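# Descriptive structure summary
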Amino acid sequence: MLQDDNLLPPYRVLDLTDEKGVFCAKLLADYGADVIRVELPSGDPSRSRGPFTGDIPDAESSAYFLYYNTNKRSITLDIETESGRLLLRRLAATADVLVESQPVGYLEGLGLGYESLRETNPRLVMASISPFGQSGPWRGYKSSDLIALAASGYMQITGEPDGPPVRQGNEQSHFPGSQHAAVAIMGALYYRDMLSGEGQYIDVSLQEALITYYTDAHPALAWMQLGENVTRVGTNSTLVVPLGAFPCQDGWISAGIITPREWDALAEWIYEVTGNEEVLNEQYRGGNQDRAPHIDILTAMFIDFSSRFTAEELFHEGQRRNLVFLPVTDVSDLLEDPQLEASHTWTEMEHPRAGRLKYPLGVFDIEGVTPSGIPAPLLGQHNRDIYCGELGLTDQELVELRASGVI
Amino acid sequence: MVADGRKALAGVRVVELGPYVALPLTGRLLASLGAEVIKVETNKVLDEMAFIPAWSRGAGQPDYQRGKKRITLDVRTPEGRDLLLDLIRVSDVFMTNFRRNILDRWGVDFPTINDVRPDVVIMWQTGLGGNGPYYTYKSYGILVQHMSGVSLMSGDEGEPPVAINTSYSDYHTGIFQPVAVIGALLRRQRTGRGAIMESSIFRSGAVTAGPAILDYQTDGRLPTRRGNQDASAAPHGVYRCLGEDRYCAIAVFTDAEWDAFCDALGNPEWTQDTKFTTAMGRLDNQDLLDGQVGKWTAQFTAEQVMERLQAAGVAASIVSQGNDLFSSEHLKARGFYRETPYYLAERGIPATQWERGDGIAWNSPARLSESPMEFGAYSNIGEDNRYVFGEVLGLPDTEIQRLAEAGVIY
């Protein structure tokens, strides 16, 4: 059975997302779902996002689009036209899942809300990912990566204590909503297939999803119990000492000492290297609460030690001593990392415009399962396959829809 | 048919063995979806997370452990190991984050588990990878953001790496894993086969760098670190407002948004400056623009700035602090934070003797209309021993008592 080469059966997923949800549909696509990316006739706006492979701005060479749309098929459709709406309804009748991140109320305003779509397909699972959720006083507020990081409080604790809140790079807000939505969709599919036979609606708030991504800072709990706001302490922890990124001979090394046993092992190593007896002082031993008051002197002793080694030396020798030292890397290091290679992280794919590239594909190493390896679709690449081959439109109808700008 | 109070994963039993953030979070999500998640712990070696936050050790645990059946079982003892295997025999999923050498030492390696339950779904969460050169290496999620390329994409050029001071990459893994677990359960239904699935915190973080990884391969370019500024939007950043440590974030992408922004400010003269009237001009003069915007925001509270700009259709938000989140009318209307008991961790005495506290925990960010993700009850460590050992495994009370006294169920 072909489908068992991957984790999921070819569930049909209609992808009407922007950056808030595009990773959700990708995750399902990489693990076997038949995801159809529904694009505007002019192309999804993310096709114009730089950087572009080879530095040539082109609808087919956005690194962002290429990465987030692997294993998807592409059709174009203007759902703001009457015939466009009709086609989306027909597609939804064939779908297991519809995932969208349009402004709250937008699809409903077009007559394409969940209540309306379920009439023709009661088995449909529909998930909406929105900045603040589908209910509550902020539901209509506009957002972006920066705004989401601010609203969730994620930024409040990122940055130096004497500086402003800092946006974590890499557009981190694009992941949490997608991931929570993917979990909920899988739960809803299980419920449908194993128990109820029916689909349901899923409302995911990006603000809430992001709050879960820094749970261990417990901002609301700190206010409730202490009347204090957690705030920025810099990259290095002030509660767990030492923990963070520190200078070394050739750049940076990250290290974290969490258990009492780890401290003893580190202190012994620092002493071996520096001969500084102070580090063995009894008052620094024990849990983090014992070291936190001495953060300045401990950090100084640590840097005196770490700057005598390269990152590679600290990484491996630290681990030999059962201590967590990890290199600070950039994306070029990731591509050459032997561990990522051993975990089958990479899939090489040939894209007609972007050429042959190594993609990090899938997030699990599953015995006997290989993630699908089809590069991102060209704009409207599957119009004929899907509209004519699957929905049964004639070539003539397709031509007319094109001429009228619906497709 | 609506089974068992509309639980999506009704009838699924999961055994969870392991501490920290990612694995427990996976278990919590599966429990919220209605699976029976049995959390195996021991009073002898406590999860370091039981001591977080420092001001009220254990108040953070309901976020990670709620909805689970929590038992004490020392799997390092021969009888404890056998009881773990007995539990797996009657379960659908086994999840752990212990390293291979440790699982081998305890005799709960995967071949043994597969002998006990051939169609079990195994979710093995690792730090850097379960096989390969670093498989014995330890890691912490808070540091993996450095190793997965993210911290060198944050902050400004030339500055030290910038990280968020939490277990960052753990959350990626923890919320990825239920997708694989449920997928494997559905596959088992089709094929009769279980699964051995490995995740790694490292890989979970690294895949988020996808676009930068593709771009680097074609032109050798690393992402530019821009702090709070953006390549395609200006103004774009956080701006000081009235009050201590108060900021409002503002993001203006299009010309239409810029016009709306200027209107919201009452079109002061500086907004007509030709340096700012085109998108290109605004991007070229971001520092100057930020200075002007900051002068305006400094006259108002962050809430006032946010409300005025949002009313005009401009993306803006206060940089939320703990009190904003705790008191948020919006989050209240969504029922996001809920009250919960917790237990104040103390080394050396069994958890059942810990003092109780009252705190809050978050409700799931995903709301399902037909099979809601439940907030669920919060059990203390060992609270469900009687149910699990008595009802699930059918041990008589006297045997449970004997095992407790022998330090196996402890």
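As the structure is a computational prediction, the values presented were derived from the model and not from experiment. Here, residues in each chain are numbered from 1, in the same order as that chain's written sequence. Note on labels: chains are lettered from A, ligands numbered from 1, in written order. Only residues with pLDDT of at least 70 are given local features in this predicted model, and only at 80 or more are side-chain atom pairs given and counted; all residues enter the totals for whole chains, interfaces and linings. Values shown for side chains rest on all heavy atoms present in the structure; no hydrogens or waters enter the calculation.

A few words now on the overall build of chain A. Only DSSP runs of H or I reaching four residues or more are called helices, and only runs of E reaching two or more are called strands; each is numbered from the N terminus. Along its length, chain A carries 17 helices and 12 strands. Its C-alpha atoms give chain A principal-axis dimensions of about 85 × 50 × 45 Å. Taken over 407 residues, chain A has a buried fraction of 63%. A 1.4 Å probe and the Shrake-Rupley method give the accessible areas. Residues count as covered only by the protein chains that appear here. As displayed, chain A has an accessible area near 14,300 Å², and 50% of this comes from carbon and sulfur atoms. Exposed residues in this analysis have more than 50% of their type's maximum accessible area, buried residues have under 20%, and partly exposed residues fall in between, with area computed by a 1.4 Å probe over protein chains only.

Let us now look at the overall build of chain B. Helix and strand counts for chain B come out as 17 helices and 12 strands. A principal-axis box enclosing the C-alpha atoms of chain B has dimensions of 85 × 50 × 50 Å. By the convention used here, residues are in contact when the closest approach between their heavy atoms is within 4.5 Å. Across chain B, contacts joining residues at least 24 apart in sequence account for 70% of those joining residues at least 6 apart. Counting every atom, chain B has about 14,300 Å² of accessible surface; 49% of that belongs to carbon and sulfur. In chain B, the 41 positive side-chain charges and the 51 negative ones have mean positions that sit 5 Å from each other. Positive residues here are Lys and Arg, negative ones are Asp and Glu, while His and the chain termini are left out of the count. Here the site of a charge means NZ on Lys, CZ on Arg, CG on Asp, or CD on Glu.

The domain architecture assigned to chain A consists of domain 1 (2-213 + 342-403) and domain 2 (243-329). What fixes the domain bounds is an automatic or database domain assignment. Using only C-alpha atoms to locate each centre, domain 1 of chain A and domain 2 of chain A end up separated by 43 Å.

Moving on, we get to helix H12 (residues 295-306) of chain A. For H12(A), spanning 12 residues, the distance from its first C-alpha to its last is 16 Å, which sits close to the expected 16 Å at 1.5 Å a residue. The elements touched by buried residues of H12(A) are strand S7 (243-248), strand S8 (251-256), helix H10 (260-274), helix H11 (288-291), helix H13 (311-320) and strand S9 (324-327) of chain A. Each residue after the first adds 1.5 Å to the expected span of a helix.

This next bit is on the side chain of B:Asn165. Structurally, the position occupied by B:Asn165 is in the loop between helix H6 (141-147) and helix H7 (168-191). From its side chain, B:Asn165 meets the backbone oxygen of A:Gly234 in a polar contact 3.2 Å long. Residues contacting B:Asn165, with those up to four places away along its chain left out, are A:Ile157, A:Val233, A:Gly234, A:Thr235, A:Asn236, A:Ser237 and B:Ile142. Throughout this description, a polar contact denotes any pair of N or O atoms lying within 3.5 Å of each other; where both atoms belong to protein, one of them has to be capable of donating a hydrogen while the other can accept it, and for residues adjacent in sequence the pair is counted only when both atoms sit in side chains.

Turning next to the pattern of salt bridges. Residues and elements named next belong to chain A. A carboxyl oxygen of Asp or Glu within 4 Å of a side-chain nitrogen of Lys or Arg is what we treat as a salt bridge. On inspection of all chains with the given rule, the structure shows 63 salt bridges over all chains. The closest approach of N and O atoms between aspartate 395 and arginine 384, which form a salt bridge, is 2.7 Å. In this pair, aspartate 395 sits in helix H17 (residues 395-403) while arginine 384 sits in helix H16 (residues 383-390), placing the two residues 11 residues apart along the sequence. Given the relative accessible area of 43%, arginine 384 is considered partly exposed. Sharing partners across several salt bridges, the network here consists of Arg12, Asp34, Arg73 and Glu390.

Let's shift gears to unusual backbone geometry. Each neighbour pair has its own omega, and for A:Val241 with A:Pro242 the value is -5°, a cis peptide bond. Tracing the backbone shows A:Pro242 in the loop between helix H9 (219-226) and S7. For the bond running from B:Ile52 to B:Pro53, omega is 0°, close enough to zero to count as cis. As for its placement among the helices and strands, B:Pro53 is situated in the loop between strand S2 (36-41) and helix H2 (61-65). A positive phi angle is found at A:Glu171, which is not glycine, with a value near 50°. Along the chain, the position of A:Glu171 falls in the loop between helix H6 (145-151) and helix H7 (176-196). In this structure, A:Asn322 is a non-glycine residue whose phi angle is positive, near 65°. By secondary structure assignment, the location of A:Asn322 is in the loop between H13 and S9. With relative accessibility at 37%, the residue A:Asn322 sits in the partly exposed group.

The assigned domain composition of chain B is domain 1 (13-208 + 335-405) and domain 2 (236-321). Just the C-alpha atoms count here: the centres of domain 1 of chain B and domain 2 of chain B sit 44 Å apart.

Turning to the sheet that holds strand S1 (residues 12-16) of chain A, a few remarks are in order. Sheet strands pair by backbone hydrogen bonding; their relative direction is either parallel or antiparallel. Between any two strands, pairing holds if DSSP finds at least two bridges. Taken together, seven strands build an open sheet; the order of strands is S3(A)-S2(A)-S1(A)-S4(A)-S5(A)-S6(A)-S12(B) and the sheet is mixed. At either end of the open sheet lies a strand with only one pairing partner, and these are strand S3 (72-76) of chain A together with strand S12 (366-368) of chain B. For this sheet the average axis-to-axis angle between neighbouring strands, irrespective of direction, equals 20°. Note on geometry: axes are lines fitted to C-alpha atoms, helical ones only across the stretch in contact, with angles between N-to-C directions running from 0 to 180 degrees.

The next thing to look at is helix H3 (residues 78-89) of chain B. In this model, H3(B) (12 residues) spans 17 Å end to end at C-alpha, consistent with the 16 Å of a helix rising 1.5 Å per residue. When we look at burial in H3(B), the residues that qualify are B:Gly80, B:Leu83, B:Leu84, B:Leu85, B:Leu87 and B:Ile88.

This next bit is on the interface of chain A and chain B. With 145 residues of chain A at the interface, the matching set in chain B holds 148 residues. Defined in terms of a 1.4 Å probe, buried area is the accessible area two parts forfeit on being brought together, summed over both. Together, the buried faces of chain A and chain B total about 12,800 Å²; carbon and sulfur atoms form 65% of this surface. Together, A:Tyr190, A:Gln339 and A:Phe364 form the three largest contributors to the area buried by chain A at its contact with chain B, with a combined 6%. With a shortest N-O distance of 2.9 Å, A:Glu208 and B:Arg334 are connected by a salt bridge. Our count for the chain A to chain B interface comes out at 66 residue pairs in polar contact (both at pLDDT 80 or more). Of the strand pairs in this sheet, strand S6 (residues 201-205) of chain A and S12(B) are connected by three bridges, and their pairing is antiparallel.

Let us now look at the sheet that holds strand S7 (residues 236-240) of chain B. All names here are of chain B. Taken together, three strands build an open sheet; the order of strands is S7-S8-S9 and the sheet is antiparallel. The sheet terminates laterally at S7 and strand S9 (315-318), the two strands that pair on one side only. Here the average twist between neighbouring strands, direction ignored, is 20°. Note that S7 and strand S8 (residues 247-251) share five bridges and pair antiparallel. Its bridge partner lying in S8, glycine 237 is registered against isoleucine 250. Lying over the sheet, helix H12 (residues 286-297) contacts S7 and S8, oriented at roughly 40° with respect to S7.

Within soluble globular proteins, side chains that are nonpolar tend to cluster in buried spots. What makes a nonpolar core is a set of buried Ala, Val, Leu, Ile, Met, Phe, Trp, Tyr and Cys residues whose side-chain atoms join them at distances within 4.5 Å. Grouped together as the largest cluster of nonpolar side chains are 131 residues, with contacts concentrated most on A:Ile185, A:Ile202, B:Leu30, B:Met197 and B:Tyr337. Sequence-distant contacts of A:Ile185, defined by excluding residues within four places in its chain, comprise A:Cys24, A:Leu28, A:Val97, A:Val99, A:Ala127 and A:Ile202. The next biggest cluster of nonpolar side chains, apart from the first, holds 32 residues, and it includes B:Leu84, B:Leu85, B:Phe110 and B:Trp124.

Turning to the side chain of A:Arg167, a few remarks are in order. Within the element layout of this structure, A:Arg167 appears in the loop between H6 and H7. A:Arg167 gets classed as buried once you look at its relative accessible area, which sits at 9%. In terms of polar contacts, A:Arg167 uses its side chain to reach the side chain of A:Asp145, at 2.9 Å. Leaving out residues up to four positions away in the same chain, A:Arg167 has contacts with A:Asp145, A:Leu146, A:Leu149, A:Met155, B:Ser154, B:Gly155, B:Gly227, B:Asn228, B:Gln229, B:Asp230 and B:His236.

Moving on, we come to the packing of helix H1 (residues 22-32) of chain B against H7(B). Packed helix pairs are specified by the crossing angle of their axes together with the interaxial distance, meaning the distance between the axes. Residues and elements named next belong to chain B. Running from amino to carboxyl end, H1 crosses H7 at an angle of 45°, the nearest separation of the two axes being 8 Å. Accordingly, the angle class assigned to the pair H1 and H7 is oblique. Crossing handedness for the pair H1 and H7: right-handed. Contacts between H1 and H7 involve Ala22, Leu23, Leu25, Thr26, Leu29 and Leu30 on the former and, on the latter, Asp170, Tyr171, Thr173, Gly174, Ile175, Gln177, Pro178, Val181 and Ile182. Residues are grouped as follows: Ala, Val, Leu, Ile, Met, Phe, Trp, Tyr, Cys and Pro are nonpolar; Asp, Glu, Lys and Arg are charged; every other residue, Gly included, is polar. When grouped by side-chain class, the residues that make up the contact of H1 with H7 number 10 nonpolar, four polar and one charged. Working rule for angles: under 35 degrees goes down as roughly parallel, over 145 as roughly antiparallel, 65 to 115 as roughly perpendicular, anything else as oblique. Helix crossings fall into two classes, left-handed where the near helix is turned counterclockwise from the far one by less than a right angle and right-handed where it is turned clockwise.

Here we come to the pairing of strand S4 (residues 93-96) of chain B. Residues and elements named next belong to chain B. Here S4 shows a buried face lined by Val93 and Met95 and a second buried face lined by Phe94 and Thr96. Here four bridges tie S4 to strand S5 (residues 121-126), and the two strands are oriented parallel to one another. Bridging across to S5, methionine 95 finds its partner in methionine 123.

Pairing of aromatic side chains requires ring centres within 6.5 Å, counting the rings of Phe and Tyr and the six-membered ring of Trp. Pairs whose planes differ by under 30 degrees are stacked, by over 60 edge-to-face, and all others tilted. One pass over the structure, following the stated rule, counts 33 aromatic pairs over all chains. Between B:Tyr343 and B:Tyr378, the ring centres sit 6.0 Å apart and the planes meet at 20°, which makes this aromatic pair stacked. Remark: B:Tyr378 occurs in the loop between S12 and helix H16 (385-392) and B:Tyr343 occurs in strand S10 (residues 337-343); sequence separation between them is 35 residues. B:Tyr343 sits in the buried class, given a relative accessible area of 14%. Of the aromatic side chains, those joined through ring pairs into one cluster are A:Phe23, A:Tyr31, A:Tyr64, A:Tyr67, A:Tyr68, A:Phe175, A:Phe364 and B:Phe176. Any Lys NZ or Arg CZ found within 6 Å of a ring centre and within 35 degrees of that ring's normal is scored as a charge over the ring. The ring of B:Tyr135 has B:Arg100 sitting right over it, with the charged end atom 4.0 Å from the ring centre. Above the plane of the ring of B:Phe375 lies B:Arg338, whose end atom (NZ or CZ) is 5.7 Å from the centre.

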